[in-house]
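One-letter residues, chain by chain:
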Amino acid sequence: MDHHHENKVLNNRLTDPVCGMTVTEASKFYEEVKNRTFYFCSEKCHIKFKSDPHFYITKVENVVTLKEPQKRDGEDSNEVNQPAHVNTFTIYTCPMHPEIRQNHAGNCPICGMSLEPLLPDLDDADKNPELKNFKHRFWWTLPLTIIVVFLAMFGHQLNWFEMQVQSWIELVLTLPIVLWAGMPFFVRCWQSILNRSPNMWTLIGIGTGAAFIYSLVGTIVPQVFPDSFVSMGRVAVYFEATAAIISLTLLGQVLELKARSQTSAAIKSLLGLAPKTARKINDDGKEEDIPLSHVHVGDLLRVRPGEKVPVDGVVTEGSSSIDESMLTGEPVPVTKREGDQVIGATINMNGSLVMRSEKVNRTGFV
C-alpha cells in the first residue's frame, strides 16, 4: 500500500493526528509506525506524537469516527467530517535530561527533578500547582519543625518535661512532617531506587528515613538499645535532624520552583509579543489564517496593514513601513521593500507585504 493511500485510511485522510490540521505528503514532518506513515503540520505536533504514538493512533482509529456527510448541491461526496475531538496534551521534559519526555507531569526518573512543559503554553492558566503544593507543606509544618528543634537544643536546660516524655512530644510533632510534608521526597527516593538511578532524593530519603526510624524505635522500645545509647535519661533521638532536613529541602524546592516559574513567565511574555496566527498563501494562491506554530520555513505569508510580522523572514512582494521600536527603541518606522529582512513581532504600519519565513522555532516565535 503506498503512503498516500495508507495515510488517507489511517491518518484521517491526511489530517494531523495530533491537532487535526489538514496536511499533505509534502510536509517534512512524518513518522512511520508499524509500516504506517503519519504526517504532521509542525515539529511541535511531531514531537507530541513521538512521545506516545499508541495514544494518538488509538485516538484516530477508535475515538474519532469518520462519517460520510449527506451530499448537498455543489459539494463533493468524498469529503469527510473533521475529527470532533483532538488531543492537545502538553509534552513534559526534564531541564537536566531533555531525552526524558512524557505527556503528563511528574518527576524525572534519572534525577528526580520536576518535569516542565517542553513548549510554553500562553493559554495555560495553571500557576504551577507543585509550587503551591510545596509552599503549603512548608508553611504548615514549619512551626512544628521550629518547636522540635527548640526542644532538642534547649529542652534539657529548661526541664519542662522528663526527657523520655520529651521524646514522645518530638515524635508526635515530627510525624506530620515526615508522613505528609516529606512524602514527595520519599516517593522520589523510592523511584530512584526502582530506576537504579541514585540521586539527591536517594540521599535525602534514606538519611531522613533512617534517622526517623531509629528515633521511633528508641522512643517506643528504648530497652532494645544498650546502655551506652542512653543520654540524659533517654535514648538519643534525631527527630530534630529529620524535621529540619525536610523543612530545609522543602524551602529549597520552593525557591527553585519559584525561580523556574519566573523564567517560564518571562518566556511567555516574549511569546505574547508575537501574533497568534499568520496568514499563509497556499500554492494555489488562496490565503488562510493558520496558528503561528504551524508556520514552516519557506512559507509565503501576507502581512496586512496594522498586523504584526509573524516570524523572521524576507519581503518578496510589496513595500511598507515597519515599526521596530520594540527592538531598536527608534520611534521612526523603517521602510521595507522586496529583499529586505523583517523581524517577527514588529508592526506593519501601512502597506501590505508578502514575506517568506526564514526562522521559525518550535513555538513559532523567533
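Quick note: structure is the one above.
A quick note: this is a predicted structure, and the numbers were derived from the prediction, not measured.

Caption draft 1: Fine view of empty space enclosed by the protein. Counted by the stated rule, this structure contains two cavities of 30 Å³ or more. A volume near 30 Å³ is recorded for the second largest cavity. Lining the second largest cavity, in full, are Asn 107, Cys 108, Pro 109, Gly 112, Arg 188, Gln 191, Ser 192, Asn 195 and Asn 199. For the lining of the second largest cavity, the residue count by class is two nonpolar, six polar and one charged.

Caption draft 2: Representation of the packing of helix 5 (residues 163–181) against helix 7 (residues 200–220). Contact geometry for helix 5 and helix 7: axes closest at 10 Å, N-to-C directions at 145°. As helix 5 runs across helix 7, the sense of the crossing is left-handed. Together, Gln 164, Ser 167, Trp 168, Leu 171, Thr 174, Leu 175 and Val 178 of helix 5 and Phe 212, Leu 216, Thr 219 and Ile 220 of helix 7 make up the contact between the two elements. Residues of the contact of helix 5 with helix 7, tallied by class, amount to seven nonpolar, four polar and no charged.

Caption draft 3: Region of interest: the packing of aromatic side chains. Inspection of the entire model under this criterion finds 10 aromatic pairs. Considering the side-chain rings of Tyr 30 and Tyr 39, the 6.1 Å spacing of their centres and the 45° angle between planes classify their relative orientation as tilted. Considering the side-chain rings of Tyr 214 and Tyr 238, the 5.7 Å spacing of their centres and the 40° angle between planes classify their relative orientation as tilted. Residue Tyr 214 is located in helix 7, and its partner Tyr 238 is located in the loop between strand 7 (234–235) and helix 8 (239–271); the two are separated by 24 residues in the primary sequence. Tyr 214 gets classed as partly exposed once you look at its relative accessible area, which sits at 23%. An aromatic cluster of at least three residues, connected via ring pairs, comprises Tyr 214, Phe 225, Phe 229 and Tyr 238. The lysine or arginine in question, Arg 188, covers the ring of Trp 201, its NZ or CZ lying 4.8 Å from the ring centre.

Caption draft 4: Expanded view of helix 4 (residues 129–158). Helix length check: helix 4 (30 residues) gives 42 Å between terminal C-alpha atoms against 44 Å at 1.5 Å per residue, within 8%. Of the positions making up helix 4, those classed as buried are Leu 131, Phe 134, Arg 137, Phe 138, Thr 141, Thr 145, Val 148, Leu 151, Ala 152 and Gly 155. Remark: Asn 159 follows helix 4 within two positions and exhibits a positive phi of approximately 55°.

Caption draft 5: Summary view of the sheet that holds strand 15 (residues 347–348). Across the sheet, which stays open at both edges, the three strands sit in the order 13-12-15 with antiparallel pairing between neighbours. In this open sheet, the two strands that pair with only one neighbour each are strand 13 (334–336) and strand 15. Sheet topology note: the strand 12 (residues 320–323)/strand 15 ladder contains two bridges and is antiparallel. Directly across from Ile 322, in strand 15, lies its bridge partner Asn 348.

Rules behind the numbers
Counting from 1, residues in each chain are numbered in the order their sequence is written. Where local features are concerned, this predicted model is filtered to residues with pLDDT of at least 70; where side-chain atom pairs are given and counted, the filter is 80 or more; whole-chain, interface and lining totals use all residues. To get the side-chain values, take all heavy atoms of the structure and skip hydrogens and water. Using a grid of 1 Å spacing that covers the protein atoms alone, one calls a set of points a cavity when a 1.4 Å probe fits there but cannot get out, and a pocket when the set is open and has protein on both sides within 12 Å along at least five of seven lines; lining residues are those with an atom within 4 Å of a point. Grid points are joined across faces, edges and corners, and a volume is the space filled by probe spheres set on the points. Each residue receives one of three labels: charged for Asp, Glu, Lys and Arg, nonpolar for Ala, Val, Leu, Ile, Met, Phe, Trp, Tyr, Cys and Pro, and polar for the others, Gly being one of them. Lines fitted to C-alpha atoms define the axes, with helix axes restricted to the stretch in contact, and inter-axis angles between N-to-C directions lie between 0 and 180 degrees. Each helix corresponds to a stretch of at least 4 residues labelled H or I by DSSP, and each strand to a stretch of at least 2 residues labelled E; elements are numbered beginning at the N terminus. Whether a crossing is left-handed or right-handed is set by the direction in which the near helix is turned from the far one by less than a right angle, anticlockwise for left-handed and clockwise for right-handed. Every residue pair with non-hydrogen atoms within 4.5 Å of one another is taken to be in contact. Only Phe, Tyr and Trp rings take part, Trp by its six-membered ring, and two of them pair if their centres are within 6.5 Å. Stacked means planes under 30 degrees apart, edge-to-face means over 60, and tilted covers everything else. Three exposure classes are used, based on accessible area relative to the maximum for each residue type with a 1.4 Å probe and protein chains only: buried under 20%, partly exposed in between, and exposed over 50%. Only when the NZ of Lys or the CZ of Arg is both within 6 Å of the ring centre and within 35 degrees of the ring normal is a charge said to sit over the ring. The span you would expect from a helix comes to 1.5 Å times its residue count less one. When DSSP finds two or more bridges between a pair of strands, those strands are recorded as paired.

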